[in-house]
Amino acid sequence: MLNKLTTMLKHLWLDASDARRAIPADMLKRLAQRVAASERRHSGEIRICVEASLPMSYLWRLDTQNSIAALTRQRAVTMFGKLRVWDTEHNNGVLIYVLLAEHAIEIVADRGVARHVGPDQWQAMVGRMASAFREQRYEDGLTQALEESSALLMEHFAVDAESMGADANELPDTPLLQ
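As the structure is a computational prediction, the values presented were derived from the model and not from experiment.

Caption draft 1: Spatial organisation of the overall build of the chain. Along the backbone of the chain there are 8 helices and 4 strands. Helices (α) and strands (β) of the chain occur, in sequence order from the N terminus, as α-α-α-β-α-α-β-β-α-α-α-β. For the chain, the spread of C-alpha atoms along the principal axes amounts to about 60 × 35 × 25 Å. Looking at the chain as a whole, 49% of its 178 residues are labelled buried. Sequence-distant contacts, at least 24 apart, represent 73% of the contacts inside the chain between residues at least 6 apart. Total accessible area computed for the chain in this model is approximately 9200 Å², and 54% of it derives from carbon and sulfur atoms. For the chain, the centre of its 20 positive side-chain charges and the centre of its 24 negative side-chain charges are spaced 6 Å apart.

Caption draft 2: The arrangement of the nonpolar core in detail. Grouped together as the largest cluster of nonpolar side chains are 32 residues, with contacts concentrated most on I23, V50, W122, M129 and L142. Within the residue set of this core, elements represented by two or more residues are α2 (16–22), α3 (25–39), β1 (45–51), β2 (93–99), β3 (104–109), α7 (119–134) and α8 (138–157). When residues no more than four places from it in sequence are discounted, the contact partners of W122 are V94, I107, A109, V113, V117, S149 and L152.

Caption draft 3: Summary view of the pattern of salt bridges. All chains considered together, the criterion is met by 12 salt bridges. Between E102 and K10 there is a salt bridge; the shortest N-O distance is 3.2 Å. Highlighted residues: E102 in the loop between β2 and β3 and K10 in helix α1 (residues 2–13), separated in sequence by 92 residues. Judged by its relative accessible area of 34%, K10 is partly exposed. Beyond isolated ion pairs, a larger network of salt bridges with shared partners links D26, R30, R34 and E139.

Caption draft 4: Quick look at the pairing of β3. Most of β3 is tucked away: 5 of the 6 residues are buried. Here β2 pairs with β3 via 6 bridges, running antiparallel. Paired with L95 across the bridge in β3 is V108. Linking β2 to β3, which pair antiparallel, is a turn of 4 residues; within it H103 sits at a positive phi near 50°.

Caption draft 5: Examining α7 more closely. Taking 1.5 Å per residue as the helical rise, α7 with its 16 residues ought to reach 22 Å, and the 22 Å between its terminal C-alpha atoms agrees with that figure. For α7, the full list of buried residues reads W122, M125, V126, M129, A130, A132 and F133. All buried residues of α7 lie within an arc of 160° about the axis, which places them on one face of the element. Residues of α7 that are exposed and point more than 90 degrees away from the buried face comprise D120, Q123 and R134.

Caption draft 6: Molecular detail of the sheet that holds β1. Strands sit in the order β3-β2-β1-β4 across an open sheet of 4 strands; the sheet is mixed. Either end of the sheet is taken by a strand with one partner, and the two such strands are β3 and β4 (176–177). The strands that α8 touches are β1 and β2; relative to β2, the one it contacts most, it runs at about 160°.

Caption draft 7: Representation of the packing of α7 against α8 in the model. Look at α7 against α8: their axes get within 7 Å of each other, and the N-to-C directions meet at 160°. In terms of orientation, α7 lies roughly antiparallel with respect to α8. Crossing geometry of α7 relative to α8 is assigned as right-handed. Along the contact surface, α7 presents Q121, W122, M125, R128, M129, A132 and F133, while α8 presents Y138, G141, L142, Q144, A145, E148, S149 and L152.

Quick notes on the rules
- Residues numbered from 1 in each chain as written.
- Predicted model: local features only at pLDDT ≥ 70, side-chain atom pairs only at ≥ 80, totals over all residues.
- Heavy atoms only, no water.
- Helix = DSSP H or I, 4+ residues; strand = E, 2+ residues; numbered from the N terminus.
- Buried < 20%, exposed > 50% of the residue type's maximum accessible area, 1.4 Å probe, protein only.
- Contact = heavy atoms within 4.5 Å.
- Areas by Shrake-Rupley, 256 points an atom, 1.4 Å probe, with all protein chains shown as cover.
- Lys, Arg positive; Asp, Glu negative; His and termini not counted.
- Charge placed at Lys NZ, Arg CZ, Asp CG, Glu CD.
- Core = buried A, V, L, I, M, F, W, Y, C linked by side-chain atoms within 4.5 Å.
- Salt bridge = Lys/Arg side-chain N within 4 Å of Asp/Glu carboxyl O.
- Pairing = 2+ DSSP bridges.
- Expected span 1.5 Å × (residues − 1).
- Arc of directions from axis to C-beta.
- Axes fitted to C-alpha atoms, helices over the stretch in contact; angles between N-to-C directions.
- Parallel < 35°, antiparallel > 145°, perpendicular 65-115°, else oblique.
- Left-handed = near helix turned anticlockwise from the far one by under 90°.

Structure representation (structure tokens):
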């Protein structure tokens with residue numbers, strides 16, 4: 001009970017301003033530019049979502065059956081749907097989700113990408129991001145994950161030279177902070 005209360009208080013304490021402090025406006029702009037540049041080289045879509053804390057509706061479900069890790073994953077999958085990453089023409093969207101309150105990172109890939117990229121590759125990427133984040137190097141961690149995701153999408157969903165840049169940008173490039 002005390003652990004649940006402590007977790008709830010931690011999540012109540014943090015809000016969108018904490019996400020903006022971790023990812024300031026200039027970094028947000030650079031990340032958006034990197035996403036746009038990446039997406040010109042493949043038909044995939046990459047979204048970055050940084051949340052300071054989980055909504056209370058998730059925290060109420062925290063118990064022995066629903067660990068904070070499970071709830072974080074559920075939230076990432078929910079955001080994958082809310083942000084319409086699942087709704088790309090080629091089913092090749094990728095969401096990079098960061099939950100600051102728990103120092104948690106999730107990568108959710110659509111079924112088109114999942115056919116080519118296994119969970120082990122995503123987990124290795126998450127590990128490298130977490131290492132950078134532990135040192136407060138958020139931009140480095142997000143940039144590396146973006147580059148690695150881009151390389152995987154280029155390997156499996158490359159855009160040929162003639163149509164390079166002609167692929168429709170189906171989702172916003174600017175990371176979502178909340």
